[in-house]
Amino acid sequence: MEVYRQLPKRLPRSLGFKRYTMYFDGVDDYVEIPDSDDFHTKEFTVEVAVLFLDFNPPGGIVTRNPVVVHKNWAGSPSWCIWAENTNNVPGRLHFDFIDSGGTRRNTVIPDQLKVGRWYVIHGVYDGCKSMIYVNGVKKAETDQGCNDFTNTAPLRLNRPTAEYMHGYIAWFRYYTRALGKDEIIHNIIEYHNPVRSGLVVWLHDRIADSTWYDESGHGNNGAIYGATKNPITTWELRTKIGL
């Protein structure tokens, strides 16, 4: 893994556990977190551990792109993390925005993700620039004109009505500020013990009935619509991510 090639002496301070992932069937599954004041800061960071099973929804509809997480997409203002489908450049990742005037602003990585592999993705917005990190390495950066993309829509993993992702999400975190690279690397290596400053959503292993419970202490729980809890062993996740 690129993080370990850069930091070969950096080892986890403690061995964490991960018991479950969330499976999304690519047809109609999603998780929805209601809007709250926690999401109304100009700066923010989105962190998600994701594995794609394919880049088209089941049925081969190649006009749709799998959405990982978004808020109000494609309204204005809004933002979205998504991957291109096989009708474009499959697996090319975007962190895109639409400003209050309706102008779309794209941040796109130059390479392609692959199916069947775990990736830890960070979408960072510092109030002026957007950045995408994949497994701790910055892949793209774009000037967003210092726009404010806050809105009152729910935050969603996957996109209801269209562009569903087919795959797994192991964890999801949302911060009310822009994380730095050292903090991003910390969160990957110490994924069970993340940076707490600014953390307002942490969906990890507390999954019961139709709720994915927030472990940040802010009560931003995710309502589960169709997605299912999938057991996973700690060694399996660490091996596949490269920890």
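Cut-offs applied
Residues numbered from 1 in each chain as written. Predicted model: local features only at pLDDT ≥ 70, side-chain atom pairs only at ≥ 80, totals over all residues. Heavy atoms only, no water. Helix = DSSP H or I, 4+ residues; strand = E, 2+ residues; numbered from the N terminus. Buried < 20%, exposed > 50% of the residue type's maximum accessible area, 1.4 Å probe, protein only. Contact = heavy atoms within 4.5 Å. Disulfide = S-S within 2.5 Å. Phe/Tyr/Trp six-rings, centres within 6.5 Å; stacked < 30°, edge-to-face > 60°. Lys NZ or Arg CZ within 6 Å of the ring centre and 35° of its normal. Polar contact = N/O pair within 3.5 Å; in protein donor to acceptor, adjacent residues only side chain to side chain. pLDDT = per-residue confidence, 0-100. Core = buried A, V, L, I, M, F, W, Y, C linked by side-chain atoms within 4.5 Å.

Remarks on the overall build of the protein chain
Phase 1: For the protein chain, the helix and strand inventory stands at three helices and 16 strands.
Phase 2: Of all 243 residues assigned to the protein chain, the portion counted as buried reaches 54%.
Phase 3: Here the contacts in the protein chain between residues at least 6 apart in sequence split such that 65% fall between residues at least 24 apart.

A word on the state of the cysteines
Phase 1: Taken as a whole and assessed by the stated rule, the structure comprises one disulfide.
Phase 2: Sulfur-sulfur distance for the disulfide between Cys 128 and Cys 146 comes to 1.9 Å. Negative torsions about the S-S bond denote left-handed disulfides, and the value of about 100 degrees found for Cys 128 with Cys 146 makes this one right-handed. Placement of the pair is Cys 128 in the loop between β8 (118-125) and β9 (129-134) and Cys 146 in the loop between β10 (137-143) and β11 (155-157), with a sequence separation of 18 residues.

Brief notes about the packing of aromatic side chains
Think of a pair of aromatic rings as described by two things: how far the centres are apart, and how the planes are tilted against each other in angle.
Phase 1: A complete count under the given rule lists 14 aromatic pairs for this structure.
Phase 2: Ring geometry for Phe 52 and Phe 55: centres 5.0 Å apart, planes at 45 degrees, overall tilted. The pair formed by Phe 52 and Phe 55 is uniform in burial state, with each residue classed as buried.
Phase 3: On the numbers, 5.1 Å between centres and 5 degrees between planes, the contact of Trp 171 with Tyr 191 is stacked. Highlighted residues: Trp 171 in strand β12 (residues 166-175) and Tyr 191 in the loop between α2 (181-189) and β13 (199-208), separated in sequence by 20 residues.
Phase 4: A residue is classified by how much of its surface remains accessible, and Trp 171, at 0% relative accessible area, is buried.
Phase 5: Three or more aromatic residues joined by ring pairs make a cluster, and in this case those are Phe 39, Phe 44, Trp 79, Phe 95, Phe 97, Tyr 125, Phe 149 and Tyr 174.
Phase 6: Across from the ring centre of Tyr 20, 4.4 Å away, lies the NZ or CZ of Lys 229, which sits over that ring.

Observations regarding the side chain of Arg 177
Phase 1: On the secondary structure map, Arg 177 appears in the loop between β12 and α2.
Phase 2: Of note is the side chain of Arg 177, whose polar atom sits 3.0 Å from the backbone oxygen of Ser 197.

Overview of the confidence of the model for the protein chain
Phase 1: Model confidence for the protein chain is summarised by a mean pLDDT of 87, while 85% of its residues fall at 70 or above.
Phase 2: Taken element by element, the predicted model of the protein chain shows its lowest mean pLDDT in helix α1 (residues 2-6) (48) and its highest in strand β14 (residues 211-214) (98).
Phase 3: Every residue in residues 3-9 scores below 50 in pLDDT, and together they form 14 contacts with partners more than four places removed in sequence or on other chains.
Phase 4: Here residues 59-63 is modelled with pLDDT under 50, and outside its nearest four sequence neighbours on either side it reaches six contacts, counting other chains as well.

Let's talk about the nonpolar core
Phase 1: Counting 42 residues, the largest nonpolar core has Phe 172 and Tyr 174 as the members making the most contacts within it.
Phase 2: The leading source of residues in this core is strand β3 (residues 44-52), at five residues.
Phase 3: The contacts of Tyr 174, once residues within four sequence positions are left out, are Asp 38, Phe 39, Phe 44, Thr 45, Val 46, Trp 79, Leu 155, Gly 198, Leu 199, Val 200 and Val 201.
Phase 4: Core analysis: the second largest hydrophobic core is formed by 19 residues, Val 124, Trp 171, Tyr 191 and Trp 202 among them.

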